[in-house]
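Fold and geometry: a report
In case you want the letters, here they are:
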Amino acid sequence: MKVFLIGANGQVGRHIVNLLQMSNEHSIKAMVRNEQQAETFKQSGVDSVVANLESNVDDLAKAMEGCDAVIFSAGSGSKTGPDKTLLVDLDGAVKSMEAAEKVGANRYVMVSAIQAHNRESWIDSPIKPYMVAKHYADRMLVSSSLNYTIVRPGALLNEPGTGKVQLAENLQRGAIPREDVAKTVVAVLNEENTFRRSFDIISGDTTIEEALKNL
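This one's a predicted model, so the numbers in the text were calculated from it and none came from an experiment. (Residues numbered from 1 in each chain as written. Predicted model: local features only at pLDDT ≥ 70, side-chain atom pairs only at ≥ 80, totals over all residues. Heavy atoms only, no water.)

**Describing the overall build of the protein**
On a plain count of helices and strands, the protein comes out with 7 helices and 11 strands. Taken over C-alpha atoms, the radius of gyration comes to 16 Å for the protein, in line with the 17 Å a tight globule of 215 residues would show. Counting across all 215 residues of the protein, residues that qualify as buried make up 49%. Counting contacts in the protein only where the partners sit at least 6 residues apart, residues at least 24 apart contribute 69% of the total. Of note, the protein has its 23 positive side-chain charges centred 2 Å away from the centre of its 27 negative side-chain charges. (Helix = DSSP H or I, 4+ residues; strand = E, 2+ residues; numbered from the N terminus. Rg over C-alpha atoms; globule rule 2.2 N^0.38 Å. Buried < 20%, exposed > 50% of the residue type's maximum accessible area, 1.4 Å probe, protein only. Contact = heavy atoms within 4.5 Å. Lys, Arg positive; Asp, Glu negative; His and termini not counted. Charge placed at Lys NZ, Arg CZ, Asp CG, Glu CD.)

**A closer look at the sheet that holds strand E8 (residues 164–168)**
In spatial order, the strands read E3-E2-E1-E4-E5-E6-E10-E8-E11; together these 9 strands make up an open sheet with mixed pairing. Lying at the two open borders of the sheet, with one neighbouring strand each, are strand E3 (47–50) and strand E11 (206–207). Across 4 bridges, the pairing between strand E4 (residues 69–72) and strand E5 (residues 107–111) is parallel. Each residue of the ladder has a partner; that of Ile71, found in E5, is Val109. (Pairing = 2+ DSSP bridges.)

**Some remarks on the pattern of salt bridges**
By the definition in use, this model includes 8 salt bridges. A salt bridge links Asp58 to Lys102; the shortest N-O distance between them is 2.2 Å. With Asp58 in helix H3 (residues 57–64) and Lys102 in helix H4 (residues 82–103), this residue pair connects regions lying 44 residues apart in the sequence. What makes Asp58 partly exposed here is its relative accessible area of 45%. The class of Lys102 is exposed, set by a relative accessible area of 52%. Two residues, Asp91 and Lys95, come together in a salt bridge whose shortest N-O distance is 3.6 Å. Here the residue Asp91 and the residue Lys95 both occupy positions in helix H4, the gap between them amounting to 4 residues, near one helical turn. (Salt bridge = Lys/Arg side-chain N within 4 Å of Asp/Glu carboxyl O.)

**Concerning the side chain of Thr149**
Assignment of secondary structure puts Thr149 in strand E6 (residues 147–153). Polar contacts involving the side chain of Thr149 include one to the side chain of Arg107, which spans 2.8 Å. Every residue in contact with Thr149, bar those within four places of it in the chain, is listed here: Arg107, Tyr108, Val109, Met110, Val188, Thr194, Phe195, Arg197 and Phe199. (Polar contact = N/O pair within 3.5 Å; in protein donor to acceptor, adjacent residues only side chain to side chain.)

**Observations concerning helix H5 (residues 128–142)**
Taking 1.5 Å per residue, 15 residues should reach 21 Å; H5 reaches 21 Å between its end C-alpha atoms and fits that length. All of the buried residues along H5 are Met131, Ala133, Lys134, His135, Ala137, Asp138 and Leu141. In this fold, the buried residues of H5 make contact with E4, H4, E5 and E6. (Expected span 1.5 Å × (residues − 1).)

**Side note on the packing of H4 against H5**
Where H4 contacts H5, the two axes come as close as 9 Å, and the packing angle between them is 10°. What the angle tells us is that H4 and H5 run roughly parallel. Between H4 and H5, the residues in contact are Pro82, Thr85, Asp89, Leu90, Ala93, Val94 and Met97 and Pro129, Tyr130, Ala133, Lys134, Tyr136, Ala137, Met140 and Leu141, respectively. Here the contact of H4 with H5 is built from residues that sort into 12 nonpolar, 1 polar and 2 charged. (Axes fitted to C-alpha atoms, helices over the stretch in contact; angles between N-to-C directions. Parallel < 35°, antiparallel > 145°, perpendicular 65-115°, else oblique. Nonpolar A, V, L, I, M, F, W, Y, C, P; charged D, E, K, R; others polar.)

**A closer look at the nonpolar core**
Membership of the largest hydrophobic core comes to 33 residues, with the highest contact counts inside it found for Ile16, Ile71, Leu167, Val185, Leu189 and Phe199. Counting residues per element, this core draws most heavily on helix H6 (residues 178–188), at 5 residues. (Core = buried A, V, L, I, M, F, W, Y, C linked by side-chain atoms within 4.5 Å.)

By themselves, these observations are geometric and do not establish any function.
Structure below.
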């Protein structure tokens, strides 16, 4: 399937780009924020398009045309305030869902955050606005017509991936390399056992493929 990747220039997103480039099953259309990023991807042979999550649904739909699936791996970033968190992680995510419904890109994979579904776990969190945004974006995805999977990773690490994880519908805490998050996100695209399901994920002792099948 052709995958529209939102957040392609992010740390997890770049791993996803590499995996989709090497895939025999999927192709990629990378959404980026400016022409410089687009040119960098094009030089690497990656189809890319410039679009903005703060734009309107029609603009996002136009950028998404021709795609079968969407991966949302974008974020407002730690250096921005709650206003950008609201505009990108919540409203931008919801607009991308509406755009996906509009163009028929029915498969939608959301990169969320561990325990985003559980308000009590982040009631005193220093990143509470981010968790609130993720919580409600995920809820909007669940209520949409899209065939979704919500992947909620623990603390993100830059160390090399192991290819082994622990996942469940409710995990309290843990960490995971960004590379393993990316591998999981790509693996769920065709894994029917993850359709219309959500789960937390951290590093563990089970291969990604086995963990997804046993979810």
